[in-house]
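Observations on the model geometry
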Amino acid sequence: MQPTNLTIREAHELLTSKKLSSVELTQAFLQRIREIDPKIKAYVTVSEELALEQARKADERIAKGENVTPLTGIPFSMKDCISTRSVRTTCSSKILENYIPQYNATVTDKLAQAGAVLLGKTNMDEFGMGSSCENSAFFNTHNPWDLERVPGGSSGGSAAAMSASLAAFTIGEDTGGSVRMPAGFCGVTGIKPTYGRVSRYGLIALVSSFDSIGPMTRDAHDCATVLEHIAGHDPLDSTTYQSPVPSYTQHINKPVKGMKLGIPKEYFVAGMEAGVESAMQEAIRTYEKLGMEIHEVSLPHTKYALPVYYLLLFAEASANLARMDGTRFGLSISENAKDVIDIYLQTRRAGFGDEVKRRIMLGAYALSAGYYDAYYLKAQKVRTLLRQDFETAFSKVDILLAPTSPTTAFKLGEKTSDPLEMYLSDIYVVATNPAGVPAIALPCGFSKDMPVGMQLIGKHLDEQTLFQVAHAYQQVTDWHKQKPPL
Amino acid sequence: MSTIDTKTVKHVAYLVRLGISEEEAQKFSVQFSSIIDYFNMLNEVDTENVPPASDIANAENVLREDVVQPSMSREEFLKNAPQSERGYVKVPTVLGEE
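Computed from a predicted structure; not experimentally measured.

Reading the values: the criteria
Residues numbered from 1 in each chain as written. Chains lettered and ligands numbered in written order. Predicted model: local features only at pLDDT ≥ 70, side-chain atom pairs only at ≥ 80, totals over all residues. Helix = DSSP H or I, 4+ residues; strand = E, 2+ residues; numbered from the N terminus. Rg over C-alpha atoms; globule rule 2.2 N^0.38 Å. Buried ≥ 20, exposed ≤ 12 C-beta atoms within 10 Å, placed from the backbone. Contact = placed C-beta atoms within 7 Å. pLDDT = per-residue confidence, 0-100. Pairing = 2+ DSSP bridges. Axes fitted to C-alpha atoms, helices over the stretch in contact; angles between N-to-C directions. Parallel < 35°, antiparallel > 145°, perpendicular 65-115°, else oblique. Left-handed = near helix turned anticlockwise from the far one by under 90°. Nonpolar A, V, L, I, M, F, W, Y, C, P; charged D, E, K, R; others polar. Right-handed = clockwise from strand over helix to strand, strands pointing away. Core = buried A, V, L, I, M, F, W, Y, C linked by C-beta atoms within 7 Å. Expected span 1.5 Å × (residues − 1).

To continue, consider the overall build of chain A. The number of helices and strands found in chain A is 15 helices and 11 strands. The C-alpha radius of gyration of chain A comes to 21 Å, within 12% of the 23 Å expected for a compact globule of 486 residues. Taken along its principal axes, the extent of the C-alpha atoms in chain A is 65 × 55 × 45 Å. Looking at the 486 residues of chain A, the share that counts as buried comes to 61%. The contacts in chain A between residues at least 6 apart in sequence include a share of 77% that link residues at least 24 apart.

Below you can see the structure in the form of structure tokens.
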């Protein structure tokens, strides 16, 4: 088998039995990136030198048998909004095009301590604002299943890198579907953990109360392995949970028989592509055969999730992006500036793309005197109702199943002219983030030759059940093993 | 149909310290009106007696001892500053005479 197609477990087995070295595995990925990535354009930066150095260190660790974890020597990529010391971190924005962080995100540190090998940083919609990766200030990323189509967003580069075997795992970030939606479009597995389960320290913030870092992998088992290593309390992020991280992989094989699977009726309405609908019905039948009880449930405020999500995003993003001002780091345009305000105005005008401009202006509008009650406060109240919807549903069932998108991946350029149309492609994935609950996306079929994704949504801090139910599905299906024809 | 005129667009652009041209203001004015119109859908929801959400994970304040710990050196910090002088980030006059 090609080393670039191995699961983390398979690669770990070969590494620890000395049949393959981390340097060899890393070189195989670097070679594949050189060959394939010019077509896909998943990577913004490839950190070859650092990767080979980390791989050599991993090989030493394995040779000595010291401190070997399931991730030691495994090459991965990271969404370009997560800080990596000495490796450029751009958020796919001109304003951070040459920004080299002086410190690591906690997630970066944890993966380095586990011995994982950073291959590079992947493309995204600028600051995470988008659903197709077309808002990257640098270039479009192409869907490995059809190069004319988008990979989804905003973690489109991560999803495409995973799908095209350009990394053994990738780290994405999900503010309102940014892991799950592209995972669905590209046919990979990815989790948005419970808000507060993974430290946000060093993550360049989009929406501080939604942002959740999560792995994207070949299957649910690998996803559980990576999450075990990056989750946990961090004194540098006071919103992280104190509770210990369970060993997700230890109980992943537990049978799902007798568990209750909820089907939210509001997610199965007109507008869903026929092939997506039939893949969902087939997945529900598979779970029925596995002995799960199927129940229809209601999340009555679902249709309001999108306006709540976007209003709160605009508001928080407008405040978070205030730090990109051209004075302490990043792009700075100070020619003919008569005062510091001029530097702000010029730098931000040149440094931000249109979508970022739209969102921060709308955020200021929603927060401004006279509109605060009607928009920001109203959205926070409806957010309470969205959370209550999930609480009510989870008093009846253990887990929910829904599609990740109403359609499969759309064509490049198809939705770029109408911002609202683009927002609507997130309709199934946004509700979880204002509620803080975890959800895992996994492939469940094809519609017109493009992958279809489903998501399983769980209770707060119950990633365990998500992995168990996703893994049970992947034991009896092989959608997650399909590879794009590259 | 809500309308957000170009004057309002220019005002919010200044609030977020974003330079924009007249043409941009016109383009954003049209787009904002349709987006805000969509958001007005929230008016349908009865939120009488519903408290606004304020936190997501931990409901309590998180405190720690106030002790000095190592942090980034000044030299390291200033590596990313576009302009610096004598260990400070340098910007044009912020306060003072016009």
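Additional details are given in the paragraphs that follow.
This paragraph deals with the overall build of chain B. Per the secondary structure count, chain B includes 3 helices and 2 strands. What you see in chain B, going N to C, is helices and strands ordered as α-α-α-β-β. For 98 residues, the compact-globule estimate of 2.2 N^0.38 gives 13 Å, and chain B exceeds it by more than 25% at 23 Å. With respect to the principal axes defined by its C-alpha atoms, chain B has extents near 55 × 45 × 25 Å. Relative to its 98 residues, chain B shows a buried fraction of 16%.

Attention shifts here to the confidence of the model for chain B. Mean pLDDT over chain B: 89, with 91% of residues reaching 70 or higher. Among the scores for the predicted complex, ipTM is 0.92 and pTM is 0.96.

All names here are of chain A. A sheet is described by the order of its strands in space; here 11 strands give the open sequence 1-3-2-4-6-5-10-11-9-7-8, paired in mixed fashion. Single-partner strands in this sheet number two, and they are strand 1 (43-46) and strand 8 (293-297). The sheet shows a mean angle of 30 degrees between the axes of neighbouring strands, direction not considered. Sheet topology note: the strand 2 (residues 75-79)/strand 3 (residues 117-122) ladder contains 5 bridges and is parallel.

At the interface, 52 residues of chain A touch 41 residues of chain B. Listing elements by their share of the side of chain A that touches chain B, those giving two or more residues are helix 9 (305-320), helix 10 (340-351), helix 11 (354-367), helix 12 (373-394) and helix 13 (419-424) of chain A. Considering every element that reaches the side of chain A that touches chain B, the biggest residue donor is helix 12 of chain A, with 11 residues.

A word on the pairing of strand 4 (residues 169-174) of chain A. Residues and elements named next belong to chain A. Counting buried positions along strand 4 gives 6 out of 6 residues, so the element sits mostly inside the fold. On strand 4, burial covers both faces: Phe169, Ile171 and Glu173 on one face and Thr170, Gly172 and Asp174 on the other are all buried. Sheet topology note: the strand 2/strand 4 ladder contains 3 bridges and is parallel. Note on strand 4: the bridge partner recorded for Met78 is Ile171. With 5 bridges joining them, strand 4 and strand 6 (residues 212-217) adopt antiparallel strand pairing. Directly across from Ile171, in strand 6, lies its bridge partner Pro215.

In contact at an axis separation of 11 Å, helix 11 of chain A and helix 2 (residues 22-39) of chain B are set at 60 degrees when each is read in the N-to-C sense. Taken together, the axis directions place helix 11 of chain A and helix 2 of chain B in an arrangement best described as oblique. Both helix 11 of chain A and helix 2 of chain B take part in a crossing whose hand is right-handed. Touching Arg358, Met361 and Leu362 of chain A of helix 11 of chain A are Phe28, Gln31, Phe32 and Ile35 of chain B, all from helix 2 of chain B. Here the residues of the contact of helix 11 of chain A with helix 2 of chain B are counted per class, giving 5 nonpolar, 1 polar and 1 charged.

Here we come to the environment of Arg64 of chain B. Of note, Arg64 of chain B is situated in the loop between helix 2 and helix 3 (74-77). Placed 58 residues apart in sequence, Arg64 of chain B and Thr6 of chain B show a C-alpha to C-alpha distance of 48 Å.

This brings us to the pairing of strand 2 of chain A. With 5 of 5 residues buried, strand 2 of chain A lies mostly within the body of the structure. Once the chain exits strand 2 of chain A it traverses helix 4 (residues 106-114) of chain A before rejoining the sheet at strand 3 of chain A, and the crossover so formed is right-handed.

Below, the discussion takes up the environment of Pro451 of chain A. Residue and element names in this part refer to chain A. Checked against the element boundaries, Pro451 lands in strand 11 (residues 450-457). Taking the C-alpha atoms as reference points, Pro451 and Lys79, 372 residues apart in sequence, are found 22 Å from one another. The residues touching Pro451, leaving out its near neighbours within four places in the chain, are Trp145, Gly184, Phe185, Cys186, Gly187, Thr408, Pro443 and Phe446.

Moving on to the nonpolar core. All names here are of chain A. By size, the foremost hydrophobic cluster in this structure holds 166 residues, and its most contacted members are Phe76, Leu119, Leu311, Met361, Ile440 and Leu456. A per-element tally of this core places helix 9 first, with 11 residues. Excluding residues that lie within four positions of it along the chain, Phe76 makes contacts with Leu111, Ala116, Val117, Leu118, Leu119, Ala167, Ala168, Phe169, Thr170 and Ile171.

Across its 12 residues, helix 10 of chain A extends 16 Å between first and last C-alpha, which sits within 8% of the 16 Å expected from 1.5 Å per residue. What helix 10 of chain A keeps buried is the set Ile343, Tyr344, Leu345, Gln346, Thr347, Arg348 and Gly351 of chain A.

With that settled, consider helix 5 (residues 156-163) of chain A. Of all 8 residues that make up helix 5 of chain A, 8 are buried, and the element is covered over most of its length. Looking one or two residues beyond helix 5 of chain A, the residue adopting positive phi is Ser165 of chain A, at roughly 60 degrees.

Between Gly153 of chain A and Ser154 of chain A the backbone carries a cis peptide bond, its omega angle lying at 5 degrees. Within the fold, Ser154 of chain A resides in the loop between strand 3 and helix 5. Not every positive phi belongs to a glycine, and Asp449 of chain A is a case in point at roughly 70 degrees. Relative to the helices and strands, Asp449 of chain A resides in the loop between strand 10 (439-447) and strand 11. When the 11 C-beta atoms within 10 Å are taken as the criterion, Asp449 of chain A is described as exposed. At Arg86 of chain B, a position not held by glycine, the phi torsion is positive, near 45 degrees.

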